[in-house]
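Descriptive analysis of the structure
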Amino acid sequence: MSQAIARYASTLFELANSEKNLAVVEKDAAALMNAFAASEDLRNAMKSPLYATDDKIAALTQICAKLKASKILVNFVSVVAANGRSGELPAMFKEFLEKSASARGVVNAKIETAAALNNEQIGELSNSLGRALGKQVEVETSIKPELLGGLVVKIGSVLFDDSIKSKLDRLKISLKGI
């Protein structure tokens, strides 16, 4: 992550926090981040030097209007686009959401499994991780069939790999005598 992304994310956090509007801006930033994730065309357009800055600002403003985003977020994306960094908005939102969660005492956990988990299993995992860490845990799940079974949990820079694939890889290495 670049220093610029961190600075922009910190600025958005401080502004939303000082306006006592953090929860609303979090929701709006997550919605806009999802829009970027869902549209390759949007990501490419925001990164492209072929589109004028005014066109990028207009597009982002229309997307924000459609999402009914807060004035803080609309102004933020306009300034970011005016400064030629609209392609970095998803990274800025990701950093902002992490900073916001941290301020609330919440830890984000990314969990990869071979098969989909139901809501009860996700809840149990979240509660177990919360008890182990002594913090509230927000869980983001993804499916990776190549894991074969088990799960991989990433919290910050810590990785817990209890997948069958990694166990088989370790067994393979030990059998080779490496």
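**As for the sheet that holds strand E3 (residues 150-155)**
- In spatial order, the strands read E2-E1-E3-E4; together these four strands make up an open sheet with mixed pairing. Both outer strands of the open sheet, strand E2 (136-143) and strand E4 (158-163), are each paired with one neighbouring strand and no more. Shown here is a sheet whose adjacent strand axes are inclined to one another by a mean of 20°, direction ignored.
- The pairing of strand E1 (residues 106-113) with E2 spans eight bridges and is classified as parallel. From the neighbouring strand, Ile 111 faces E2, where its bridge partner is Thr 141.
- With respect to the sheet, helix H8 (residues 164-176) is in contact with E3 and E4, its orientation differing from that of E4 by roughly 85°.

**Structural notes on helix H7 (residues 119-133)**
- With 15 residues, H7 ought to run about 21 Å at 1.5 Å a step, and its terminal C-alpha atoms sit 21 Å apart, in line with that.
- The complete set of buried residues in H7 reads Leu 125, Ser 126, Leu 129 and Gly 130. An end-on view of H7 places all buried positions within 130° of arc, on one side of the element. Pointing more than 90 degrees away from the buried face of H7 are the exposed residues Glu 120, Arg 131 and Ala 132.
- The elements touched by buried residues of H7 are E1, E2 and E3.
- Between a side-chain oxygen at the N-terminus of H7 and the backbone nitrogen of Glu 120 the separation is 3.1 Å; the capping residue is Asn 118.
- Of the residues one or two after H7, Gly 134 is the one with positive phi, at around 70°.

Rules behind the numbers
- Residues numbered from 1 in each chain as written.
- Predicted model: local features only at pLDDT ≥ 70, side-chain atom pairs only at ≥ 80, totals over all residues.
- Heavy atoms only, no water.
- Pairing = 2+ DSSP bridges.
- Helix = DSSP H or I, 4+ residues; strand = E, 2+ residues; numbered from the N terminus.
- Axes fitted to C-alpha atoms, helices over the stretch in contact; angles between N-to-C directions.
- Contact = heavy atoms within 4.5 Å.
- Expected span 1.5 Å × (residues − 1).
- Buried < 20%, exposed > 50% of the residue type's maximum accessible area, 1.4 Å probe, protein only.
- Arc of directions from axis to C-beta.
- Polar contact = N/O pair within 3.5 Å; in protein donor to acceptor, adjacent residues only side chain to side chain.

That is the geometry; function is a separate question.
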